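Listed here are the chains, written in short residue letters.
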Amino acid sequence: MYQHLTMANVDIALPVGKVVCIGQNYQDHIAEMQSTTAPEALFFIKPATALVPLAPQFSIPQQQGEVHNELEIAVLIKSRLCKADYATVNDAIWGYGLALDLTLRQVQAKLKQQGRPWEIAKGFDGACPLSGFVPKNQVQHPQQLDFSLSVNQQLRQQGNSANMIRGINQLISEMTQHFTLLPGDVVLTGTPAGVGPLQEGDVLTLELADFFSITTQVTA
């Protein structure tokens, strides 16, 4: 069962809540998806049941088409936020980690074509493998964080939070105009270019600046 952890593998005294995500927050990912930049933010939610530990392994669905990696900086919320300004957002952050926004890409594309909601492509059980979190007071410059994903020792995704279209505090503030965030909720901040299919047996290495490197494996 998933529980929020520090990178020291110690429980964090927060409940497990929902995951609120922003799409299209890196220009290079927008380009690779042959999409266009919209003035309004694209927000969506994964349920708490999507959360699973990132390591030592996580599973992906079978017979539902390609499951794509989307590496993202994750933010753990420690206090209630509703229609919050930037300063209030900053005070409500517990810490930072990494997540995979797993996506059933062909399912998503079909639902988009039909003009239907695509939650089942993003919110299925296990759709958000999540690392432990680094406490906020250890991260001096959250808007200058390098992060990367290698698959079978081949670099697949590499980004820096400085390249976000909407910065962390801004996007969380905008989220809270629509969705109240509660203690234990997690915010995903968008993915850079390099999304692609994962296969059973793939070995993944995820790195967040100088804070941590995690190796995990994909199972069926």
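Structure: above.
Below is a summary of the structure that appears in this document. Fair warning: this is a prediction, and the values are worked out from it, not measured in the lab.

What follows covers helix α3 (residues 105-113). The periodicity of an α-helix, 3.6 residues per turn, causes residues three or four places apart in sequence to face the same way. Those residues of α3 not exposed but buried are R105, V107, Q108 and L111. The buried residues of α3 occupy an angular sector of 160° when projected down its axis, which confines them to one face. In α3, the exposed residues that point more than 90 degrees away from the buried face are K110 and Q113. For α3, the secondary structure elements touched by its buried residues are β5 (67-69), β8 (103-104) and α4 (119-122). G115 occupies a position one or two residues after α3 and carries a positive phi of about 70°.

A separate point is the environment of Q106. Mapped onto the secondary structure, Q106 falls in helix α3. Residue classification places Q106 among the partly exposed positions, given a relative accessible area of 45%. Sequence spacing of Q106 and K136 is 30 residues, and the spatial spacing of their C-alpha atoms is 37 Å. In contact with Q106, not counting residues within four places along its chain, are G65 and E66. Of note is the side chain of Q106, whose polar atom sits 2.7 Å from the backbone nitrogen of E66.

How each quantity is defined
Residues numbered from 1 in each chain as written. Predicted model: local features only at pLDDT ≥ 70, side-chain atom pairs only at ≥ 80, totals over all residues. Heavy atoms only, no water. Buried < 20%, exposed > 50% of the residue type's maximum accessible area, 1.4 Å probe, protein only. Helix = DSSP H or I, 4+ residues; strand = E, 2+ residues; numbered from the N terminus. Arc of directions from axis to C-beta. Contact = heavy atoms within 4.5 Å. Polar contact = N/O pair within 3.5 Å; in protein donor to acceptor, adjacent residues only side chain to side chain.

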